[in-house]
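Below are the chains, spelled out letter by letter.
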Amino acid sequence: MIKNIPIIYPNELFYSFICRTYVRSGVGSSKEFTKLVFAKGTDQPKTGFINKLKNDFKIKLNKQLSDVDILSKHTIFNFYSRFLTKEEKEKAISEIINGKSSFNYLHTPVIKENTHLRYCPRCVEEDRNIFGEAYFHIEHQLEKVKVCVHHHCRLLETKIFYGCKNQLILTPLEVCELDNKVEEVPIDSIELRFSKNIYEFLIYDFKIETNVGFEKLLTDRLDDKYFLSARRERKNLDLIYEDILKFYEGYELFSISRRRLAAILRGIEYNTFDILLIAFFEGIRVDELCNLVNINNDKSEEFDKKVIKLYDDGNSYLKISQIMDVDKETVRKIILKKIAKQSLK
């Protein structure tokens, strides 16, 4: 039994916490330690998420952190669960806490074989001054974040693999072979500005409520110039894609294809990183993305209401089409739709 459990640090990766607990435990080997902590003692430690824990260890840990706190504040769960329904989030929490693979419940990417845990040399120095030791931060482990948003420098890699390739090795950052080389990143660079946006999205308070409909917000906030009609029915994807490529010019991690852009805007493809790329391009704030349950506006509906108001005021189809800059057939369809709804009442 593990008698003393250390305090988990702000934004500390849960794997890092497990490693520090092992070092303090006095247990002779990581193999023996995992038998005391993991429900299945032969499990390889998960770096991005969490292994199923033994009941006695979990009870002690839950006095410090709830299951939701563990996942939302000390793994990358927040980043990949934002746009799930309440039911999907509850299922994901229950299953992942019990050691199930996150791939079954979250839209997490396949981890590349050469991916390693990362650190910021300035965070290492800062953490040692504040806490007496360095530790792995969750914000440094997201697949496409390569800079530290706190210190505006490049992240460096350890030799610890991200994923489940570390066998039973439990290595805290403090005992890793670290490089103190600092490579500055320009504060006005698109990479740093977007990485800050990702960080804000990651640490924004977790909410269990349904937070779906990102495609509606992304479409709603597109400028009128990106639509082929005043009613905003059809998007000019070529123009959107052309402008988003210009916006992210020089950003090596941008990889959205025109086809994927179209799929995301229609809500039929889900990729958190790409959703954030599009939202940042459109100037959508993180708090708006994280509170989609409050989004309830549709510009096409507003357009239809204006058309109906003009019709009710006695204007002809032709006059309405001239005022609203739309063809007469579109006006006719809107009015007929209104009449059909009224006949059903």
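Residues numbered from 1 in each chain as written. Predicted model: local features only at pLDDT ≥ 70, side-chain atom pairs only at ≥ 80, totals over all residues. Heavy atoms only, no water.

1. What about the overall build of the protein chain?
Applied cut-off: Helix and strand labels come from DSSP, where a helix needs a run of H or I of at least four residues and a strand needs a run of E of at least two; each type is numbered from the N terminus. Partly exposed describes any residue whose relative accessible area lies between the buried limit of under 20% and the exposed limit of over 50%, with all areas from a 1.4 Å probe on protein chains only and scaled to the type maximum. Residue contacts are defined here by distance: any two heavy atoms, one from each residue, within 4.5 Å place the two residues in contact. Note that accessible areas follow from Shrake-Rupley with a 1.4 Å probe, and for residues the cover is restricted to the protein chains shown. Charge assignment in this entry is limited to Lys and Arg as positive and Asp and Glu as negative, and neither His nor the chain termini are counted. For charged residues, the charge sits on one atom: NZ in Lys, CZ in Arg, CG in Asp, CD in Glu.
Along the backbone of the protein chain there are 16 helices and four strands. With respect to the three principal axes, the spread of C-alpha positions in the protein chain is 85 × 45 × 35 Å. Taking all 345 residues of the protein chain together, 49% fall into the buried category. Contacts in the protein chain between residues at least 24 apart in sequence constitute 69% of all its contacts with a sequence separation of at least 6. As displayed, the protein chain offers around 17600 Å² of accessible surface, 49% of which is attributable to carbon and sulfur atoms. Measuring between centres, the 56 positive side-chain charges of the protein chain sit 5 Å from its 52 negative side-chain charges.

2. Comments concerning the side chain of His-151
Within the element layout of this structure, His-151 appears in the loop between β2 (147-148) and β3 (153-154). Here His-151 is in contact with Cys-120, Arg-122, Cys-123, Glu-126 and Glu-184, once residues within four sequence places are set aside.

3. So, the side chain of Ser-16
Along the chain, Ser-16 turns up in helix α1 (residues 14-25). Residue classification places Ser-16 among the buried positions, given a relative accessible area of 1%. Once residues lying within four places of it in the same chain are set aside, the contact partners of Ser-16 are Tyr-135 and Phe-136.

4. Digging into the packing of aromatic side chains
Rules: Each Phe, Tyr or Trp ring (for Trp, its six-membered ring) is paired with any other whose centre lies within 6.5 Å, and the angle between the two planes then decides the class: stacked below 30 degrees, edge-to-face above 60, tilted in between.
Per the stated rule, a full pass over the model turns up 23 aromatic pairs. Measuring from centroid to centroid gives 6.0 Å for Phe-214 and Tyr-270, while their planes differ by 90 degrees, and the two rings are edge-to-face. Remark: Tyr-270 occurs in the loop between α11 (258-265) and α12 (272-282) and Phe-214 occurs in helix α9 (residues 214-220); sequence separation between them is 56 residues. For the residue pair Phe-214 and Tyr-270, the accessibility class agrees, reading buried in each case. The interplanar angle of 45 degrees and the centroid separation of 6.2 Å between the aromatic rings of Tyr-311 and Tyr-317 together place this pair among those described as tilted. Judged by its relative accessible area of 30%, Tyr-311 falls in the partly exposed class. Taken together through their ring pairs, the aromatic side chains of Phe-194, Tyr-226, Phe-247, Tyr-248, Tyr-251, Phe-254, Phe-273, Phe-280 and Phe-281 make up a single cluster.

5. So, the packing of helix α10 (residues 237-247) against α11
We count it as follows: Under this scheme, a helix contributes an axis fitted over its contacting stretch, all axes are lines through C-alpha atoms, and angles between N-to-C directions fall in the 0 to 180 degree range. Any angle that is under 35 degrees is reported as roughly parallel, and any over 145 degrees as roughly antiparallel; angles of 65 to 115 degrees are reported as roughly perpendicular and all others as oblique. Should the near helix be turned anticlockwise from the far one by less than a right angle, the crossing is termed left-handed; should it be turned clockwise, right-handed. Gly falls in the polar group here, along with every residue not listed as nonpolar (Ala, Val, Leu, Ile, Met, Phe, Trp, Tyr, Cys, Pro) or charged (Asp, Glu, Lys, Arg).
With their axes 10 Å apart at the nearest point, α10 and α11 run at an angle of 110 degrees to one another. Between α10 and α11, the angle is such that the two are roughly perpendicular. Helix-helix and strand crossings are classified by hand; for α10 and α11 the assignment is right-handed. Here Leu-237, Asp-238, Ile-240 and Tyr-241 of α10 lie close against α11, whose contacting residues are Arg-258, Leu-261, Ala-262 and Leu-265. In the contact of α10 with α11, the residues fall into six nonpolar, no polar and two charged.

6. Overview of the nonpolar core
To be explicit about the condition: Among the buried residues, those of types Ala, Val, Leu, Ile, Met, Phe, Trp, Tyr and Cys that are joined through side-chain atoms within 4.5 Å form a nonpolar core.
Residues Phe-14, Ile-18, Phe-77, Phe-194, Leu-218, Tyr-248 and Leu-289 are the most contacted members of the largest nonpolar core, which totals 84 residues. Not counting residues within four places of it along the chain, the set of residues in contact with Phe-14 comprises Ile-8, Phe-49, Ile-50, Leu-53, Leu-61, Ile-70, His-74 and Thr-75. Counting nine residues, the second largest nonpolar core, distinct from the first, contains Leu-310, Val-326, Val-331 and Ile-334.

7. Examining the pattern of salt bridges
Rules: Salt bridges, as used here, are contacts in which a Lys or Arg side-chain nitrogen is within 4 Å of a carboxyl oxygen on Asp or Glu.
Per the counting criterion, the structure on display carries 22 salt bridges. Among the salt bridges present, the one from Glu-242 reaches Lys-246, with a minimum N-O distance of 3.3 Å. With Glu-242 and Lys-246 both in helix α10 and four residues apart, this pair spans about one turn of that helix. For Glu-242, a relative accessible area of 40% gives the class partly exposed. For Lys-309, the salt bridge identified is with Asp-313, shortest N-O distance 2.8 Å. Taking the relative accessible area as the measure of exposure, Lys-309 reaches 49% and is therefore partly exposed.

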